Amino acid sequence: MKKTIGLIIIAIFSSLAVSMAQTPLTSVPFELYGDHVFVKIKVNNSRDLDFIFDTGDGLTVLNIETAKELRMLSGSDAKTTSAEGEISGKLLKHQRIEINNIELKDIQIYETSLKHLEISIGREIDGIIGYDMLENYVVSMNFDKMSFDLFDSNGYKYNGTGKTLPIKLTSYIPHIPANIVLSNGETIKGEFFIDTGAKATIDFNTPYVNKHGLTDKIGESYIYLVSGLGKKEYEHHQGKVKSLTFNGFEFDGVPVGLSHANHGIQNHKKVTGIFGSGLLRKFNVTYNYPKHEMYWEKNQSYNDPFQVNASGLELQLNEDMSKVMIHKVFENSPAEDASIKVDSELSEVNGKAAIELGLPELRRILSESGKSVKIKIDGKSIDLKLKALI
């Protein structure tokens, strides 16, 4: 009898432990701004700071301007490795990093300038966080609810309806296997980094592009510019592949980038490429680094079409972030046909001030192939007939 009661008590406590493990320690709203997810974080009891959540970076970074505002003390000069390669900055002396009153412990913070990212993304950025958040907790990222749930990893058991993918971690970044069919019918099997901070859908890394001559295997393409935490911009080819499959998920006609970077994860010789935010935001994903697993569930945008440039314009803000500027004009595009020049100002789109619309909304409007938009470039009105570049 005593043995039976003991077993019942053990079962009850085991059940309670699992239940507690399945209850989030906290839920944190996030904002999707274009291709990037922003989450509120406090450093040393600061105001709420806007951090990019980026699984592609293994370090926590604070904007040097924000560090000055918080009067944080700099330590020694330091170099560390990020997704774009070796980054120079300074270690910061800090006491606490919190997400909704949940403290992240034993974290090093580097300060560096993020101005080049701010003018490219289109808003102020206080910092970037990824691995340090994922190492400490099981993190569920839900685009339908626009929120993170953070769980204690001890005793956590996934009980959702999605699919479990085992992951490997290389340079603190998870990667998974996938199959891709190129436009010429050739099938590629490889490993792909999961990088929420990349605005790509799929990218092939530079060594793989060069080794397999992929430039001629993605159909019609154009060249665009990419930058990350490192300030240097690299050219990418943008084209399409016939299909992508991984763990039972399948997509047709997927935009693909070919990297020409010579540093960082996009120059990695053993990993084929990356999955970026264009693909990842079609899923609600739970990251369980301690178990080396991820859990993928289709979300409400799963069947939405992939966004493709249909204007031939690449936009960014000027240095003081007061104007929208033309950063690049692609060949054989509506913008080139309209004789639009680099470094011109885009002041209006369909009668609305471009700076007020913001870069994400401008990029969405300029991706609507088949439509016409009225834009104002350096004070001159232009009717632009949009046509997808790929």
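Reference entry: report on the structure contained in this document. (Residues numbered from 1 in each chain as written. Predicted model: local features only at pLDDT ≥ 70, side-chain atom pairs only at ≥ 80, totals over all residues. Heavy atoms only, no water.)

Attention shifts here to the nonpolar core. Grouped together as the largest cluster of nonpolar side chains are 63 residues, with contacts concentrated most on F148, F204, L244, F246, F251, F275 and W296. Sorting elements by how many residues they give to this core places strand β20 (residues 249-259) first, with five residues. Among residues more than four places away in sequence, those in contact with F275 are I176, A178, F192, F193, I194, D195, T201, I202, L244, F246 and L280. (Core = buried A, V, L, I, M, F, W, Y, C linked by side-chain atoms within 4.5 Å. Buried < 20%, exposed > 50% of the residue type's maximum accessible area, 1.4 Å probe, protein only. Helix = DSSP H or I, 4+ residues; strand = E, 2+ residues; numbered from the N terminus. Contact = heavy atoms within 4.5 Å.)

Okay, unusual backbone geometry next. One non-glycine residue, D106, lies in the positive phi region at around 55°. Positionally, D106 belongs in the loop between β8 (102-104) and β9 (109-112). What makes D106 exposed here is its relative accessible area of 81%. Of note, the phi angle at M321 is positive, near 60°, even though the residue is not glycine. Checked against the element boundaries, M321 lands in the loop between β24 (313-317) and β25 (324-329). A relative accessible area of 19% means that M321 is categorised as buried.

All right, on to the pattern of salt bridges then. Where charged atoms from two side chains of opposite charge come close, those side chains can pair. Enumeration over the complete set of coordinates arrives at 17 salt bridges. Notably, a salt bridge pairs R123 with E31, separated by 2.9 Å at the nearest N-O pair. Here R123 is found in the loop between α3 (115-121) and β10 (127-129), whereas its partner E31 is found in strand β1 (residues 26-33), with 92 residues between them in sequence. Measuring nitrogen to oxygen at the nearest pair gives 3.8 Å for the salt bridge that ties E348 to K376. Taken as a pair, E348 in strand β26 (residues 345-349) and K376 in strand β28 (residues 372-377) lie far apart in primary sequence, 28 residues in all. Where salt bridges share partners, they join E31, K40, D50 and R123 into one cluster. (Salt bridge = Lys/Arg side-chain N within 4 Å of Asp/Glu carboxyl O.)

This paragraph deals with the pairing of strand β16 (residues 187-194). The element β16 is extensively covered by neighbouring structure, given that six of its eight residues are classed as buried. The hairpin turn running from strand β15 (residues 173-181) into β16, its antiparallel successor, is five residues long, and G185 in that turn takes a positive phi close to 90°. Bridge count between β16 and strand β21 (residues 273-275): three bridges; the pairing is parallel. Note that in β21 the partner of F192 across the bridge is G273. (Pairing = 2+ DSSP bridges.)

On to the packing of aromatic side chains, then. All told, the structure shown has 26 aromatic pairs when counted by the stated rule. Seen in terms of ring centroids, F30 and F148 are 5.0 Å apart; in terms of plane orientation they differ by 55°. Their pairing is tilted. Here F148 lies in strand β12 (residues 147-151) and F30 lies in strand β1, a separation of 118 residues in the sequence. Summarising the burial analysis for this pair, F30 and F148 share the class buried. The residue whose ring lies beneath K163 is F249, and the NZ or CZ to ring-centre distance is 4.7 Å. Its guanidinium or amino end placed over the ring of F306, K282 lies 4.7 Å from that ring's centre, counting from NZ or CZ. (Phe/Tyr/Trp six-rings, centres within 6.5 Å; stacked < 30°, edge-to-face > 60°. Lys NZ or Arg CZ within 6 Å of the ring centre and 35° of its normal.)

Moving on to the side chain of N318. Note that N318 resides in the loop between β24 and β25. A polar atom in the side chain of N318 sits 2.8 Å from the backbone nitrogen of S322. Of note is the side chain of N318, whose polar atom sits 3.0 Å from the backbone nitrogen of K323. Sequence-distant contacts of N318, defined by excluding residues within four places in its chain, comprise I119, K323 and M325. (Polar contact = N/O pair within 3.5 Å; in protein donor to acceptor, adjacent residues only side chain to side chain.)

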